[in-house]
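Coordinate analysis (summary)
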Amino acid sequence: MNWKASDEERKDLIRWCVIGDSFTYLNDHLDETGYRVTEGYISRTCRKVSGLFPINLGKNGSATPDWLEEKLPEADLYTVLLGTNDWHTGVPLGTQEDFDQKREGSILGNLAVILSHIRQAGPDAKIIVMNPVERGDFVYILDPMNHAHGSYAPDQGQMLCDIAEGILNACRNAGIPVLDLHGLSGFAPETAVRFKRVKTPEGYRELAYPDYVGVQIDYENDEYPYPPEAADYTYDGLHPSDKGNEEIACLLAEKIKEVMHAECP
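Now for a look at the structure at hand. Quantities reported herein were computed from a predicted structural model and do not represent experimental measurements. (Residues numbered from 1 in each chain as written. Predicted model: local features only at pLDDT ≥ 70, side-chain atom pairs only at ≥ 80, totals over all residues. Heavy atoms only, no water.)

As summarised here, the arrangement of the five strands in space is S2-S1-S3-S4-S7, forming an open sheet in which the pairing is parallel. Looking along the sheet, the strands with just one partner apiece sit at the ends: strand S2 (52-56) and strand S7 (178-179). As judged from the five bridges shared by strand S3 (residues 77-81) and strand S4 (residues 126-130), these two strands associate in the parallel manner. Considered in S4, the bridge of Thr 79 is made with Ile 128. Those strands touched by helix H6 (residues 107-121) are strand S1 (14-20), S3 and S4, and its axis lies near 160° from that of S4. On top of the sheet, helix H10 (residues 242-260) reaches S1, S2, S3, S4 and S7; it is set at about 150° to S4, its chief contact. (Pairing = 2+ DSSP bridges. Helix = DSSP H or I, 4+ residues; strand = E, 2+ residues; numbered from the N terminus. Contact = heavy atoms within 4.5 Å. Axes fitted to C-alpha atoms, helices over the stretch in contact; angles between N-to-C directions.)

What follows is the structure, given as structure tokens:
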């Protein structure tokens, strides 16, 4: 439904502003998954909670600094899912004080600024913050030269699990509803993919985590390491597969119903 519709048509709908990175962006850009994904977590959540009208603001590759100047629309519900790109690009976690003082420059400080902008855009809106999930070795399906190691190892001195815990604790301490995707969703290096197909002197082998860790790949010339049958919670080591999107949607739908007192369809 278009938001230029009449008040009568809109009155029972929940305007849901969805803030996030590629996990969110890809919901509306399935072609960029190579059509490995048939439905993203936003669409799946809308089928589980009556009356949601999503406004997908997801920005591919975004981290918390990319949202500090974002103009946000008015909505009834805002969700925020960021952090994995902050981890990969070296944005420091920061402290509870950074969060409390809304100091830009760290993940927690940036997040607090984003939340303050949400409050300005929707003073009476509900907010749910989600923390990032674990990841395996990422290889972009449309450009294998774009790749990154999994969260089993630190990136620029930080573990992704510490970032997830920091976001969870800061929001809880501030009384902001938070969904612990990291702890509840089941994403892990072990479950990101079933295997990684790598070239060895004996030929291609399908190695599960952690056996693939450290195995060198010629990303320019070797086969793409994640054929469709390798998918588990992700299809490329990072981005949710249908299974992963469904898990996120189930958890998020329950959280939305909790904070909005919404009814199931």
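Moving on, there is more to tell.
What follows covers the packing of H6 against helix H7 (residues 160-173). At their nearest, the axes of H6 and H7 sit 10 Å apart, and the two run at 45° to each other. When the interaxial angle is binned, H6 and H7 end up oblique. Note on packing geometry: the crossing formed by H6 with H7 is right-handed. Along its contact with H6, which presents Ile 107, Leu 108 and Leu 111, the element H7 presents Ile 163, Gly 166, Ile 167, Ala 170 and Cys 171. The residue makeup of the contact of H6 with H7, split by class, is seven nonpolar, one polar and no charged. (Parallel < 35°, antiparallel > 145°, perpendicular 65-115°, else oblique. Left-handed = near helix turned anticlockwise from the far one by under 90°. Nonpolar A, V, L, I, M, F, W, Y, C, P; charged D, E, K, R; others polar.)

In this section: the pairing of strand S9 (residues 203-207). Bridge count between strand S8 (residues 196-200) and S9: five bridges; the pairing is antiparallel. By the bridge assignment for S9, Val 198 is matched with Arg 205. Linking S8 to S9, which pair antiparallel, is a turn of two residues.

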